[in-house]
Amino acid sequence: MPDRLVAIYPGSFDPMTNGHLDLIVRGSRLVDRLIVAVLKNTQKEPLFSVSERMETIREAAAQFDNVEADSFDGLLVDYAARRGANAILRGIRAISDYETELQMALLNRRMRPETETIFLMAREEYSFLSSRMVKEIVMLGGDVSMFVPDAVARRLSARFPAKQ
Ligand code: PNS
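Along each chain, residue indices are assigned from 1 in the same order as the chain's sequence is written. With pLDDT at 70 or above as the cut-off, local features in this predicted model cover only qualifying residues; side-chain atom pairs require 80 or more to be listed or tallied, and sums for whole chains, interfaces and linings still use all residues. Side-chain calculation: all heavy atoms of the structure are included, whereas hydrogens and water are not.

Draft legend 1. Highlighting the side chain of Thr115. The helix and strand labels rest on DSSP assignments: H or I over at least four residues marks a helix, E over at least two residues marks a strand, and numbering proceeds from the N terminus. Considering the arrangement of structural elements, one finds Thr115 in the loop between α4 (95-111) and β5 (116-121). Categorising residues by exposure relies on relative accessible area from a 1.4 Å probe, with only protein chains included: less than 20% of the type maximum marks a residue as buried, more than 50% marks it as exposed, and the intermediate range marks it as partly exposed. When its relative accessible area of 2% is taken as the criterion, Thr115 is described as buried. Distance and chemistry together define a polar contact, namely a pair of N or O atoms within 3.5 Å, with one atom able to donate a hydrogen and the other to accept it when in protein, and with adjacent residues in sequence counting only for side-chain atoms on both sides. Among the polar contacts made by the side chain of Thr115, one reaches the side chain of Arg112 at a distance of 2.6 Å. Here, residues are in contact when the closest pair of their heavy atoms is within 4.5 Å. Ignoring sequence-local partners within four residues, the contact set of Thr115 consists of Ala80, Ala85, Asn86, Ala87 and Ile88.

Here's what the structure looks like:
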């Protein structure tokens, strides 16, 4: 039987946080197939390359058979069409996420009505987490191991040895 619900979970994932991983775990239970898709080439100075980000997603989600990591550029809805996906998965942390997410969901729906956006509310313990803040803490020599999956923490400690 063909997969009925194929969802794309798109994002920058630079770096992937525990909040992202929680969404992957919960999303994987809801859909037949979940494609975690890293957006290529948006930032001038990324922490990790796109392939490193895909590797960390693969490592962190290795136990979930219906989850895969990929990358994309161009319009998300075009990528969804190429991958035969009928859903986009996004997380919402606080009301501040709502406006942008609503705008993206409505634009994406107008461009490709076949793709339904599904939102999951972030777990409260991750509602304050963002890749941008994790990156800032790392750059300033702080410890972020409690905020990111082990696969990310290992790479970060190799690249940014802890300050004495
Ligand atoms: O992790 P982020 O940065 O919040 O993810 C944003 C993302 C990747 C979902 C968004 O920037 C996106 O979909 N970019 C692809 C280009 C596109 O389709 N833009 C129009 C969206 S309405």
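Draft legend 2. Main features of the site of the ligand. Taken together, the residues surrounding the ligand are Pro10, Gly11, Ser12, Leu39, Phe72, Gly74, Leu75, Leu76, Arg90, Met104, Leu107 and Asn108. Note that an oxygen atom of the ligand is positioned 2.8 Å from one of the backbone N or O atoms of Leu76. Interatomic distance of 3.0 Å between a side-chain N/O atom of Arg90 and an oxygen atom of the ligand. Surface exposure here means Shrake-Rupley accessible area, sampled with a 1.4 Å probe, where a residue is shielded only by the protein chains that are shown. For the ligand, whose free accessible area comes to 550 Å², the fraction covered by protein is 70%. Going through the elements one at a time, β1 (6-11) and α4 are the ones with two or more residues in the shell around the ligand. Broken down by element, the shell around the ligand gets its largest block of residues, three residues, from α4. Any residue with a heavy atom lying within 4 Å of a molecule or strand is counted as near it.

Draft legend 3. Structural detail: the pattern of salt bridges. A side-chain nitrogen of Lys or Arg and a carboxyl oxygen of Asp or Glu constitute a salt bridge if their distance falls within 4 Å. Under the definition given, this model contains 13 salt bridges. A salt bridge links Arg90 to Glu101; the nearest nitrogen and oxygen atoms lie 2.7 Å apart. In this pair, Arg90 sits in strand β4 (residues 87-92) while Glu101 sits in helix α4, placing the two residues 11 residues apart along the sequence. Of the charged contacts, one joins Glu125 and Arg123 as a salt bridge, the two residues approaching to 2.6 Å between their closest N and O atoms. Here Arg123 falls in the partly exposed class, since its relative accessible area comes to 38%. Taken together, the shared-partner salt bridges in this structure form one network comprising Arg33, Glu68, Asp70 and Arg83.

Draft legend 4. Expanded view of the sheet that holds β4. Reading across the sheet, the five strands line up as β3-β2-β1-β4-β5 and stay open at both edges, with parallel pairing between neighbours. Looking at the sheet topology across the chains shown, the edges are occupied by β3 (67-72) and β5. Strand-to-strand twist across the sheet, computed as the mean angle between neighbouring axes with direction ignored, equals 30°. A pair of strands is labelled paired if DSSP reports no fewer than 2 bridges between them. With two bridges connecting them, β1 and β4 associate as parallel partners. Following the sheet pairing, Ala7 is matched in β4 by Ala87. Of the strands in this sheet, β1, β2 (33-39), β3, β4 and β5 are in contact with helix α1 (residues 18-30), which crosses β5 at around 125°. Along the sheet face, helix α2 (residues 50-60) touches β2 and β3 and points at about 155° away from the line of β2. Geometry is summarised by axes, namely lines fitted to C-alpha atoms with helices restricted to the contacting stretch, and by angles between N-to-C directions that run from 0 to 180 degrees.

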